[in-house]
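Structure at a glance
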There are 2 protein chains.
Amino acid sequence: MRDDLPGRPCSVAAALNLVGEKWALLAVREISFGNKRFDVIARNTGAPRDRLAARLRALESAGVVARRQYSDHPPRYEYELTQAGDELRAVLLALRTWGDKWAVDTPPSVFGHSCGHDLDTAVICRHCGEEVRSDELKVRVLTPGWTRRGPA
Amino acid sequence: MRDDLPGRPCSVAAALNLVGEKWALLAVREISFGNKRFDVIARNTGAPRDRLAARLRALESAGVVARRQYSDHPPRYEYELTQAGDELRAVLLALRTWGDKWAVDTPPSVFGHSCGHDLDTAVICRHCGEEVRSDELKVRVLTPGWTRRGPA
DNA sequence: GGCTCGGGTTGGATTTTCAAACTTAAGGCG
DNA sequence: CGCCTTAAGTTTGAAAATCCAACCCGAGCC
């Protein structure tokens, strides 16, 4: 993928540039479930094997997953999440919460949280602990040379 | 996009089926910034116009954005977020926080939060208020007929 | 010898994506 | 009037990504 993104300089765009390709986040989901092997990831995501191989290579060079050889002769590899990959869980959780509400009739699976309840997530501000609401944010663009086009 | 997804039944996959195509989330980002017009969204995302038109139609039929005519003769439309679209902000915030840390050298923009600090987000469990950690979750798959393949 | 397992690669058809040019319908300017 | 601009797309033709099925290779098993 190209490195200088078109449009507004934005870490959302930069993030999607790394993990926004088809199957990438589902591969991360499977690895986060502890499924480290190519075959299992392929079956559980439904991704074509060639695409999955390409994505895992891309995720590896993006620093999201690490590929570990667990056997010589024949060479066999498994995948695990780096710290960057592990922190993608927050994105997956937000997507899951949204998907449960807006993309499916009834949640196909539920996360039991250690607090004893089923998980329902919110995104909060670390400083004040409050859930983030749309009208409470003011964007400051720090990139010189980016002239805002259009309102807001 | 096809409606019966391959692989593990999962609301992350279902969510990505609706908003995971290229440019979709960036279009939502722009609309969430108050940029309602096609031209502005096209410039600020960098998306090709034909793709953007197709995405906005898809997002509309997914119930994420609404298209409103603001002029007859010539017909002109603008876009706004539905409640579903608005709630995608949680996903965008999680992606932004991740991207700021892992996808760019230095954040190209910052959100000032109404609490007085710059925004830094965390994903918490609504029940206990604690930040969600990977090892605290137990998946329960509710879909009958889905036999777990591979560990976890 | 022939089966399976694991982690891919290869080939060829199908879809998507892309950038640039074009369309349509006003409105403004001189 | 003629010409430029704004707005929201559509069209075109070529390039790139995706998909699926089949193949490969080296073990280990029966």
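To start, this report covers the structure provided alongside it. If you're wondering where the values come from, they're calculated on a predicted model, not measured in any experiment. (Residues numbered from 1 in each chain as written. Chains lettered and ligands numbered in written order. Predicted model: local features only at pLDDT ≥ 70, side-chain atom pairs only at ≥ 80, totals over all residues. Heavy atoms only, no water.)

**Thoughts on the protein's contact with DNA strand C**
The condition is simple: Nearness is defined per residue: one heavy atom within 4 Å of the molecule or strand is enough. Any N or O atom pair separated by 3.5 Å or less is treated as a polar contact, with the protein-specific requirement of one donor-capable and one acceptor-capable atom, and with residues adjacent in sequence counted only for side-chain atom pairs. Each helix corresponds to a stretch of at least 4 residues labelled H or I by DSSP, and each strand to a stretch of at least 2 residues labelled E; elements are numbered beginning at the N terminus.
In the neighbourhood of DNA strand C, 21 residues make up the surrounding shell, with A:Arg67, A:Arg76, A:Tyr79, B:Trp23 and B:Arg55 lying closest. Each atom of DNA strand C within 4 Å of the protein belongs either to a base or to sugar and phosphate, the latter forming 58%. Here A:Arg49 contributes a side-chain N or O atom positioned 2.7 Å from a base nitrogen of DNA strand C. At the level of secondary structure, the elements contributing two or more residues to the surface near DNA strand C comprise helix H3 (38-45), helix H4 (49-61), strand E1 (65-71) and strand E2 (76-81) of chain A together with helix H4 (49-61) of chain B.

**Some points on the protein's contact with DNA strand D**
Taken together, 21 residues surround DNA strand D, and among them A:Arg55, A:Arg76, B:Arg67, B:Arg76 and B:Tyr79 come closest. Sugar and phosphate atoms represent 57% of those atoms of DNA strand D found within 4 Å of the protein. For DNA strand D, a phosphate oxygen lies 2.8 Å from a polar atom in the side chain of A:Arg51. B:Phe38 places a polar main-chain atom, nitrogen or oxygen, 3.3 Å from a phosphate oxygen of DNA strand D.

**Comments concerning the interface of chain B and chain A**
Put simply, the rule is: Residue contacts follow a heavy-atom distance rule, with two residues in contact if any of their heavy atoms lie within 4.5 Å. Here the buried area means the combined drop in accessible surface, using a 1.4 Å probe, for two parts upon being joined, counting both sides. What makes a salt bridge here is a side-chain nitrogen of Lys or Arg within 4 Å of a carboxyl oxygen of Asp or Glu, nothing more.
Taken together, the contact pairs 86 residues of chain B with 86 residues of chain A. Contact between chain B and chain A buries roughly 7900 Å² in total, counting both sides, with carbon and sulfur atoms accounting for 64%. Where chain B touches chain A, the interface holds 10 salt bridges. Between A:Glu30 and B:Arg8 there is a salt bridge whose closest N-O contact spans 2.5 Å. At the surface where chain B touches chain A, the tally comes to 36 residue pairs in polar contact (both at pLDDT 80 or more). When residues of the side of chain B that touches chain A are traced back to their parent elements, those giving at least two are helix H1 (11-19), helix H2 (24-32), helix H3 (38-45), helix H5 (83-87), helix H6 (89-102), strand E3 (109-113), strand E4 (121-125) and strand E5 (137-141) of chain B. With 13 residues, the single largest contributor to the side of chain B that touches chain A is H6(B).

**Here we look at the pairing of E4(B)**
Worth spelling out the cut-off: In this scheme, a residue with accessible area under 20% of its type's maximum is buried, one over 50% is exposed, and one in between is partly exposed, where area comes from a 1.4 Å probe on protein chains only.
Within E4(B), five of the five residues are buried, which leaves it mostly tucked inside the rest of the structure. Neither face of E4(B) is left uncovered, since the one carrying B:Thr121, B:Val123 and B:Cys125 and the one carrying B:Ala122 and B:Ile124 both have all their residues buried.

**Examining the environment of A:Asn17**
Residues and elements named next belong to chain A. Inspection of the secondary structure puts Asn17 in helix H1 (residues 11-19). Looking at Asn17, the relative accessible area reads 14%, which means it is buried. As for Asn17 and Gly63, which are separated by 46 residues in sequence, their C-alpha atoms are 13 Å apart.

**With respect to the packing of aromatic side chains**
To be explicit about the condition: By convention, a stacked pair of Phe, Tyr or Trp rings (six-membered ring in the case of Trp) has centres within 6.5 Å and planes under 30 degrees apart, an edge-to-face pair has planes over 60 apart, and any other such pair is tilted. Here, a charge over a ring is recorded when the distance from Lys NZ or Arg CZ to the ring centre is within 6 Å and its angle to the ring normal is within 35 degrees.
Tallied over the entire structure, the rule returns two aromatic pairs over all chains. Measuring from centroid to centroid gives 6.2 Å for B:Phe33 and B:Phe111, while their planes differ by 80°, and the two rings are edge-to-face. Residue B:Phe33 is located in the loop between H2 and H3, and its partner B:Phe111 is located in strand E3; the two are separated by 78 residues in the primary sequence. The exposure class of B:Phe111 is buried, given its relative accessible area of 9%. A cation sits over an aromatic face here: A:Arg67 above A:Tyr77, 3.9 Å from the ring centre.

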